[in-house]
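# Report on the structure
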Amino acid sequence: MENSKLCDMHRARRRARILLAVLAAFAIAGVAALFVYISYRPVNPQVSVARAALFQLESAGSSGNSSSSADSAGEPYAIAARAQFTLLLHNPSDRVSVHYGGLLAYVTYHGEPAAPPVQLPAVVQERGADVSVSLLFGGLGGGGAEPVPVSEGTVRALAADCAARRGVLLRVVVLGQVRYKSGLFRTAWRDLFVRCDVTTGVGADAAPAGVPLVEYPKCFVDA
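Residues numbered from 1 in each chain as written. Predicted model: local features only at pLDDT ≥ 70, side-chain atom pairs only at ≥ 80, totals over all residues. Heavy atoms only, no water.

### Quick look at the overall build of the protein chain
Tallying secondary structure elements over the protein chain gives three helices and twelve strands in all. Across the 223 residues in the protein chain, those meeting the buried criterion constitute 38%. Of all intrachain contacts in the protein chain linking residues separated by at least 6 positions in sequence, the fraction that spans at least 24 positions is 76%. Counting only carbon and sulfur atoms, one obtains 58% of the accessible surface of the protein chain, whose full area is about 13,000 Å². (Helix = DSSP H or I, 4+ residues; strand = E, 2+ residues; numbered from the N terminus. Buried < 20%, exposed > 50% of the residue type's maximum accessible area, 1.4 Å probe, protein only. Contact = heavy atoms within 4.5 Å. Areas by Shrake-Rupley, 256 points an atom, 1.4 Å probe, with all protein chains shown as cover.)

### What to know about the pattern of salt bridges
Taken as a whole and assessed by the stated rule, the structure comprises two salt bridges. Between Arg156 and Glu152 there is a salt bridge, and its shortest N-O distance comes to 2.7 Å. Of this pair, Arg156 and Glu152 both sit in helix α3 (residues 152–164), separated by four residues, roughly a single helical turn. Overall, Glu152 belongs to the partly exposed group, its relative accessible area being 34%. (Salt bridge = Lys/Arg side-chain N within 4 Å of Asp/Glu carboxyl O.)

### Re the nonpolar core
Within the largest apolar cluster, 45 residues are counted, with the highest numbers of intra-cluster contacts made by Leu57, Ile79, Phe85, Tyr109 and Leu135. For this core, the elements supplying multiple residues, two or more each, are β1 (46–59), β2 (78–90), β3 (97–109), β5 (118–120), β7 (130–137), α3, β9 (168–182) and β11 (190–200). (Core = buried A, V, L, I, M, F, W, Y, C linked by side-chain atoms within 4.5 Å.)

### Details of α3
For α3, spanning 13 residues, the distance from its first C-alpha to its last is 18 Å, which sits close to the expected 18 Å at 1.5 Å a residue. The set of residues buried in α3 consists of Thr154, Val155, Ala157, Leu158, Asp161 and Cys162. Down the axis of α3, the smallest arc covering the buried residues is 160 degrees, so these residues share one side. Those residues of α3 that are buried lie in contact with β1, β2, β3, β4 (112–113) and β9. Just downstream of α3 lies Arg165, where phi reads positive at about 50 degrees. (Expected span 1.5 Å × (residues − 1). Arc of directions from axis to C-beta.)

### Some words on the packing of aromatic side chains
Tallied over the entire structure, the rule returns two aromatic pairs. Their ring planes at 65 degrees and their centres at 6.1 Å tell us that Phe85 and Phe137 sit as a pair that is edge-to-face. Residue Phe85 is located in strand β2, and its partner Phe137 is located in strand β7; the two are separated by 52 residues in the primary sequence. (Phe/Tyr/Trp six-rings, centres within 6.5 Å; stacked < 30°, edge-to-face > 60°.)

### Quick look at the pairing of β9
Here β3 pairs with β9 via eleven bridges, running antiparallel. In the sheet register, Val98 faces β9, and the bridge partner there is Tyr180. The sheet contact formed by β9 and strand β10 (residues 185–186) spans two bridges and is antiparallel. Bridging across to β10, Lys181 finds its partner in Arg186. Here β9 hands over to β10 after two residues, with Gly183 in that stretch at a positive phi of 65 degrees. (Pairing = 2+ DSSP bridges.)

### A short note on the pairing of β7
Consecutive residues of a regular strand have side chains that alternate between opposite faces of the sheet. Going residue by residue along β7, you find Val131, Val133, Leu135 and Phe137 tucked away on one face and Asp130, Ser132, Ser134 and Leu136 left uncovered on the opposite face. Summarising the sheet, β2 and β7 pair through eight bridges and their orientation is antiparallel. When the sheet's bridge partners are listed, Leu87 is paired in β7 with Val133.

### Let's talk about unusual backbone geometry
One non-glycine residue, His110, lies in the positive phi region at around 55 degrees. Inspection of the secondary structure puts His110 in the loop between β3 and β4. Taking the relative accessible area as the measure of exposure, His110 reaches 52% and is therefore exposed.

Next up, the structure:
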C-alpha cells in the first residue's frame, strides 16, 4: 500500500511538473509573440502636402465670373480646375516597409469633384523612408481643364470666393490599398484612405506658376 501511495505521489508531482513546463512554454511563447508584434507591428504612414499649385479654378467657360452663365445657356453647372499637389509619404517605422497599390486620387471643392480623378502607380516605401508623390489634376496644357458637373451652390460659392479673393479650401483624397512587410512577415492588403485639406489663394491675378498655400495643410490617414 505504501509503495502504491508513493507511486501515486510521484505521478502527481510529474504531472504537475509537466503542467508547469507547458505553462512556462506558453508564457515564453506569448512574451516572444508580444515582442515580435511590438517590434514589427504596422504603423500607419504619415502624409503631408509639400507643395501645391492652383493654376485654374473657375466655372466652366466663364473665366471665373460664374454668376449665371449656366442658367442663361440652359447648361448644367460645371467648374474646371487645374492643380498640382506634391504629397510626401513618410514611413515612421524603421522595421517595416510599406507597399501601396491601386491608388486613385481626386480633388474636391465644397464637397464636389473639381477635376477628373487620376490613377497613380504602385509605390514601395522602404523602412523609415520618405517618398514624394505628384498629383496632377486637369493637365497643364494651354487648352484649359476638362469641366466637371457640380451643383449651383458650388458654382456660386466659387464666384463668391473669387470676388472676395479669400482662401479656397480644396480637399485632396487618395484611395487605395496598403500592406506592410518585414522579412518573411507580411500583412494582407488593407484599405487606405488619405485626406488632406488644402487652403490656397485664388483670383484673377493668380500667377502662371500657381498661387501659394494660405494655411499649412492637415492630412488624415486611415490604413
